[in-house]
Amino acid sequence: MTDNNMNESLRKASVSRTTNETDIKLSFSVDGSGVSELETDVPFLNHMLDLFAKHGQFDLSVKAMGDIEIDDHHTVEDIGICLGQTLREALGDKRGIKRYASVFVPMDEALAQVIIDISNRPHFEYRAEYPSTQVGSFTTELVHEFLWKLALEARITLHVIVHYGQNTHHMIEAVFKALGRALDEATSIDPRVTGVPSTKGVL
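Residues numbered from 1 in each chain as written. Predicted model: local features only at pLDDT ≥ 70, side-chain atom pairs only at ≥ 80, totals over all residues. Heavy atoms only, no water.

### Details of the packing of aromatic side chains
Applying the stated criterion across every chain yields a total of 7 aromatic pairs. Every member of this aromatic cluster is reached through a ring pair, and the members are Phe-28, Phe-52 and Phe-58. (Phe/Tyr/Trp six-rings, centres within 6.5 Å; stacked < 30°, edge-to-face > 60°.)

Put into structure tokens, the structure is as follows:
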């Protein structure tokens, strides 16, 4: 069950999601200052979400408990769902946004690119091959799960490409930094835009 609240002037939203697998409370502000308060059972995801918020200049609060005795899958997936829902709610009718962004971010030897269209058409493309299937206790295939659910629930088109790298941690870190910066650019207000940036007149 979810409970969404939105303040259009501040472009922020919150959601609570409780299932038999997870219990999550998440709030997200598009027009923030890069502050994050993260309490989840998945330390590597905490690290990535902190990078995402800092580099996107978002305010993000997450309190999540899940069935990690099974694995991290449900917790990571449901946080992606909740973040996508709050992003969609926070943007409202999307008036005045830039809509598109393409950002490259290096992390030492690794290079990642994230391309976003805030389109109201959920689509996800992912091109990444990691040297390791694990970073600590975190399974790298969960990066795909998180990003796909984020794109689906936010109803955005999201393309993620890791062009190269040797260190799996660096490669994933570059993805989350690029995600933050690309989403910041795509959601920023362009004073030249009248209404929504679409010939359809709606997004």
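### Examining the sheet that holds strand β11 (residues 157–164)
Spatially, 4 strands are ordered β6-β7-β11-β8 in an open sheet, and the strand pairing comes out mixed. The strands lining the two open edges of the sheet, one partner per strand, are β6 (100–107) and β8 (123–127). In this sheet, neighbouring strand axes are inclined to one another by 10° on average, regardless of whether the strands run parallel or antiparallel. The sheet contact formed by strand β7 (residues 110–117) and β11 spans 7 bridges and is antiparallel. Following the sheet pairing, Ile-115 is matched in β11 by His-159. The strands touched by helix α3 (residues 141–154) within the sheet are β8 and β11, with β8 carrying the most contacts at an inclination of about 155°. Contacting β6, β7 and β11, helix α4 (residues 168–187) runs over the sheet at an angle of about 150° to β6. (Pairing = 2+ DSSP bridges. Helix = DSSP H or I, 4+ residues; strand = E, 2+ residues; numbered from the N terminus. Axes fitted to C-alpha atoms, helices over the stretch in contact; angles between N-to-C directions. Contact = heavy atoms within 4.5 Å.)

### Here we look at the packing of α3 against α4
Across the interface, α3 lies against α4 with an axial gap of 12 Å and an inter-helix angle of 15°. It follows from the interaxial angle that α3 and α4 lie roughly parallel. Every pair of crossing elements has a handedness; the one defined by α3 and α4 is left-handed. Across from Val-143, Phe-146, Leu-147 and Leu-150 in α3, the residues of α4 making contact are Ile-172, Val-175, Phe-176 and Leu-179. (Parallel < 35°, antiparallel > 145°, perpendicular 65-115°, else oblique. Left-handed = near helix turned anticlockwise from the far one by under 90°.)

### Let's talk about the nonpolar core
Counting residues in hydrophobic clusters, the biggest one holds 62 residues, and the most contacted among them are Leu-26, Phe-28, Leu-60, Phe-146, Leu-147 and Leu-158. For this core, the leading source of residues is α4, giving 10 residues. With residues near it in sequence (within four places) discarded, Phe-28 still touches Arg-11, Lys-12, Ala-13, Phe-52, Phe-58, Asp-59, Leu-60, Leu-83, Thr-86, Leu-87 and Leu-183. (Core = buried A, V, L, I, M, F, W, Y, C linked by side-chain atoms within 4.5 Å. Buried < 20%, exposed > 50% of the residue type's maximum accessible area, 1.4 Å probe, protein only.)

### Let's talk about unusual backbone geometry
At Lys-94, a residue that is not glycine, the phi angle is positive and equals roughly 70°. As for its position among the elements, Lys-94 is in the loop between α2 (73–91) and β6. The phi dihedral of Asp-108 falls on the positive side, at around 55°, and the residue is not glycine. Counting through the fold element by element, Asp-108 comes out in the loop between β6 and β7. Overall, the relative accessible area of 61% leaves Asp-108 in the exposed class.

### Section: the pattern of salt bridges
Enumeration according to the criterion identifies 9 salt bridges in this entry. Asp-31 is paired through a salt bridge with Arg-11; the nearest N and O atoms lie 2.7 Å apart. Of this pair, Asp-31 sits in the loop between β3 (22–29) and β4 (36–39) while Arg-11 sits in the loop between β1 (5–7) and β2 (12–18), and the two are 20 residues apart along the sequence. Relative accessible area serves as the criterion here: at 10%, Arg-11 is assigned to the buried category. The partner of Glu-173 in a salt bridge is Lys-177, and the shortest N-O contact between them spans 3.1 Å. In this pair, Glu-173 and Lys-177 both sit in helix α4, 4 residues apart, roughly one turn of the helix. What you see here is one network of salt bridges that share partners, running through Glu-77, Glu-145 and Lys-149. (Salt bridge = Lys/Arg side-chain N within 4 Å of Asp/Glu carboxyl O.)

### Quick look at the side chain of Thr-157
Along the polypeptide, Thr-157 turns up in strand β11. Judged by relative accessible area, which is 14%, Thr-157 ranks as buried. Of note is the side chain of Thr-157, whose polar atom sits 3.0 Å from the backbone oxygen of Arg-121. Apart from residues lying up to four places away in sequence, Thr-157 is in contact with Ile-115, Ile-116, Asp-117, Ser-119, Arg-121 and His-123. (Polar contact = N/O pair within 3.5 Å; in protein donor to acceptor, adjacent residues only side chain to side chain.)

### Quick notes on the pairing of β7
Most of β7 is tucked away: 7 of the 8 residues are buried. Where β6 and β7 come together, 8 bridges link them in antiparallel fashion. Across the sheet, Ser-102 pairs through a bridge with Ile-115, a residue of β7. Taking the residues that link successive antiparallel strands as the turn, the β6-β7 hairpin has 2 residues, and the phi of Asp-108 there is positive, at about 55°.

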